Amino acid sequence: MNQASFLKINPADSVVVCLRPFSKGETIEVDGAQVTLLQDTPAGHKVLIKDAPEGTDILKYGYPIGHAIKDLKQGEWVNENNLKTNLAGTLEYTYKPVADSLDIQNENRTWKGYVRKNGEVGTRNELWIVPTVGCVNGIGEKLAQKMIAETNLEGIDAIHCWHHNYGCSQLSGDHENTRKVLRDICLHPNAGGVLVLSLGCENNQPDDFMKMLGDYDQSRIKLLVTQKVEGNELEEGMKILRELYAQAKEDKREEVSVSKLRVGLKCGGSDGFSGITANPLVGELSDWLVAQGGTSILTEVPEMFGAETILMNRCKTPELFEQTVSMVNNFKEYFLSHGEPVGENPSPGNKAGGISTLEDKALGCTQKCGKALVSGVLEYGDRLQENGLNLLSAPGNDLVASTALAAAGCQIVTFTTGRGTPFGTFVPTMKISTNNVLAERKANWIDFNAGQLLLGKDMLTVRNAFIDKVLAVASGEKARNEENEYSEISIFKNGVTL
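So, a few notes on the structure that sits alongside this text. (Residues numbered from 1 in each chain as written. Predicted model: local features only at pLDDT ≥ 70, side-chain atom pairs only at ≥ 80, totals over all residues. Heavy atoms only, no water.)

**Quick word on the overall build of the chain**
Thought 1: When its secondary structure is counted, the chain shows 13 helices and 23 strands.
Thought 2: By the compact-globule yardstick of 23 Å for 498 residues, the chain fits well, its C-alpha radius of gyration being 24 Å.
Thought 3: Across its three principal directions, the C-alpha atoms of the chain cover 80 × 45 × 40 Å.
Thought 4: Taking all contacts inside the chain whose residues are at least 6 apart in sequence as the whole, residues at least 24 apart take part in 71%.
Thought 5: Summed over all atoms, the accessible surface of the chain reaches about 19,900 Å², with 47% contributed by carbon and sulfur.
Thought 6: Within the chain, the 64 negative side-chain charges are centred at a point lying 3 Å from the centre of the 50 positive side-chain charges. (Helix = DSSP H or I, 4+ residues; strand = E, 2+ residues; numbered from the N terminus. Rg over C-alpha atoms; globule rule 2.2 N^0.38 Å. Contact = heavy atoms within 4.5 Å. Areas by Shrake-Rupley, 256 points an atom, 1.4 Å probe, with all protein chains shown as cover. Lys, Arg positive; Asp, Glu negative; His and termini not counted. Charge placed at Lys NZ, Arg CZ, Asp CG, Glu CD.)

What follows is the structure, given as structure tokens:
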């Protein structure tokens, strides 16, 4: 059988990944041994290449992805029905730092962005309405619609009202998370102007919220408290938006260094090819960007479980290691405090695509951050402080995690997917397909096809094309989610609602 029909990712692995559907009785040659498949096995799924008694760890990517729950025979289809996670509670970890292994030249490339007063650079020049509380979502949406109709978006990229459900009836951590994310949105460089839209009586009090913004550009960020408006709040809102628009439409793109680019690393609707094509490709982008002095951020902490030691040992300092340990164990405690197991993942779509356990998912997921050392660790809602590879505390939920990446300061989110997804957060959200079938079937969702790696194209060629695509989107080319007008935010909620 042609070697290209399956893949053994690591020499230590006890499974191979099918690159096409296989039928029961077909034979493949692995490391000189003949393996006869015992079941029909879909593309992206795993086949055992040597017998595994009950309890034996199954290896993929060179690491355990769980253990056999019964005696398994060579040639068996390994899936969620015969493989169980090894994950349980929190763990103690030992710091075993690795050396920087990047050997990538600085190419001194540029992109065209909007340079803001504080030196940050936007990939977009948009007008945003940010409600301090969900009660004024309707007003914000009406203002956005009226402003779009009036301006026809001449001179700017878009006008959005960023709906959310919060700003009131929340306590302690949830309330602060909401305030922090809304602050981050207001300060994001992709906004050429921001109307902070308040009701007035909410827990997220408008004056206190504006103080959270710090030393902000008061000509570009304006507050409207609707309960204080005599008469029609829409008229007052339009006056402010017209003033903000008059400034924003004069902004022009200019050449800036790639070191000013901040890219979020996200995956969703993953399949058995995610860890073979799209995630390694995004990892190559991440390493290249870090080598240029730029920044990438990896999040989805629950999808680090089972691969977390790889990230911990890439931390530049013992302090960063300890922060990463806390980030991982705190998220495990979050699961356990709600009576939920830490390994309750992957989703039905993941399983159908060939991912059987959380370790299987995590070892593929973490490849999105390449091999660079970790320069920073961020709590949920924090804004970036360090260039280079950062880790961010946020859940795996696609909308919540992507919003968190953008809130941290990413001007673009790269989003790998094997099953497909249309959504976008409040910055361009580029979808990278893991396989060719998805890229062809949902071309209106997919920005770049990493499935071409399965057809024999070399990684360097595909990586360079992907870098060009990312820089084009950074410079103004619309991502698919923007073309489709699919953009939204979602804020993490943990505690009670009053």
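Alright, that's what it looks like, and here's the rest.
**Here we look at the nonpolar core**
Thought 1: In terms of nonpolar packing, the biggest core is built from 88 residues, with Ile185, Phe426 and Phe466 touching the most fellow members.
Thought 2: Residues Val133, Leu197, Leu241 and Ala248 belong to the second largest nonpolar core, which totals 23 residues. (Core = buried A, V, L, I, M, F, W, Y, C linked by side-chain atoms within 4.5 Å. Buried < 20%, exposed > 50% of the residue type's maximum accessible area, 1.4 Å probe, protein only.)

**What to know about the state of the cysteines**
Thought 1: By the definition in use, this model includes zero disulfides.
Thought 2: You can see cysteine 135 has no disulfide; the closest cysteine sulfur is in cysteine 168, sitting 6.2 Å from it.
Thought 3: According to the relative accessible area criterion, cysteine 135 is exposed, its value standing at 57%.
Thought 4: Looking at the unpaired cysteine 315, the closest cysteine sulfur is the one in cysteine 369, lying at 10 Å.
Thought 5: Under the relative-accessibility criterion, cysteine 315 is labelled buried at 3%. (Disulfide = S-S within 2.5 Å.)

**Concerning the pairing of strand E12 (residues 126–131)**
Thought 1: For E12, a buried count of six out of six residues is recorded, marking the element as mostly surrounded by other parts of the structure.
Thought 2: By the bridge criterion, four bridges tie E12 to strand E13 (residues 158–161) in an arrangement that is parallel. In the sheet register, leucine 127 faces E13, and the bridge partner there is isoleucine 159.
Thought 3: Crossover handedness for the path E12 to helix H1 (residues 137–151) to E13: right-handed.
Thought 4: Relative to strand E14 (residues 191–198), E12 runs parallel, the two sharing six bridges. Note that in E14 the partner of glutamate 126 across the bridge is alanine 191. (Pairing = 2+ DSSP bridges. Right-handed = clockwise from strand over helix to strand, strands pointing away.)

**Remarks on empty space enclosed by the protein**
Thought 1: Inspection of every chain in the model, using the stated rule, returns one cavity of 30 Å³ or more.
Thought 2: Taken together, 14 residues form the lining of the largest cavity, with Asp271, Ser274, Ile355, Lys361 and Gly364 sitting closest to its centre.
Thought 3: Its residues assigned to classes, the lining of the largest cavity comprises four nonpolar, six polar and four charged. (1 Å grid on protein atoms, 1.4 Å probe; cavity = no way out; pocket = protein on both sides within 12 Å on 5 of 7 lines; lining within 4 Å. Points joined across faces, edges and corners; volume = space filled by probe spheres on them. Nonpolar A, V, L, I, M, F, W, Y, C, P; charged D, E, K, R; others polar.)

**What about the layout of surface pockets?**
Thought 1: Estimates place the volume of the largest pocket at around 740 Å³.
Thought 2: Taken together, 29 residues form the lining of the largest pocket, with Pro280, Glu284, Gln367, Gly370 and Lys371 sitting closest to its centre.
Thought 3: When residues of the lining of the largest pocket are traced back to their parent elements, those giving at least two are helix H5 (278–291) and helix H6 (308–312).
Thought 4: Broken down by element, the residue count for the lining of the largest pocket peaks at four residues, all from H5.
Thought 5: A per-class count over the lining of the largest pocket returns 16 nonpolar, eight polar and five charged.

**Observations regarding the sheet that holds strand E17 (residues 262–267)**
Thought 1: In spatial order, the strands read E19-E20-E18-E17-E21-E22-E23; together these seven strands make up an open sheet with parallel pairing. The open sheet has two free edges, formed respectively by strand E19 (374–378) and strand E23 (448–449), since each of these has just one partner strand.
Thought 2: Strand direction decides the pairing type here: E17 and strand E18 (residues 295–298), joined by four bridges, are parallel. Of the residues in E18, the one forming a bridge with glycine 264 is isoleucine 297.
Thought 3: Against the sheet, helix H10 (residues 398–408) makes contact with E17, E18, E19, strand E20 (388–392) and strand E21 (412–417), and its axis sits at roughly 170° relative to E17, the strand it touches most. (Axes fitted to C-alpha atoms, helices over the stretch in contact; angles between N-to-C directions.)

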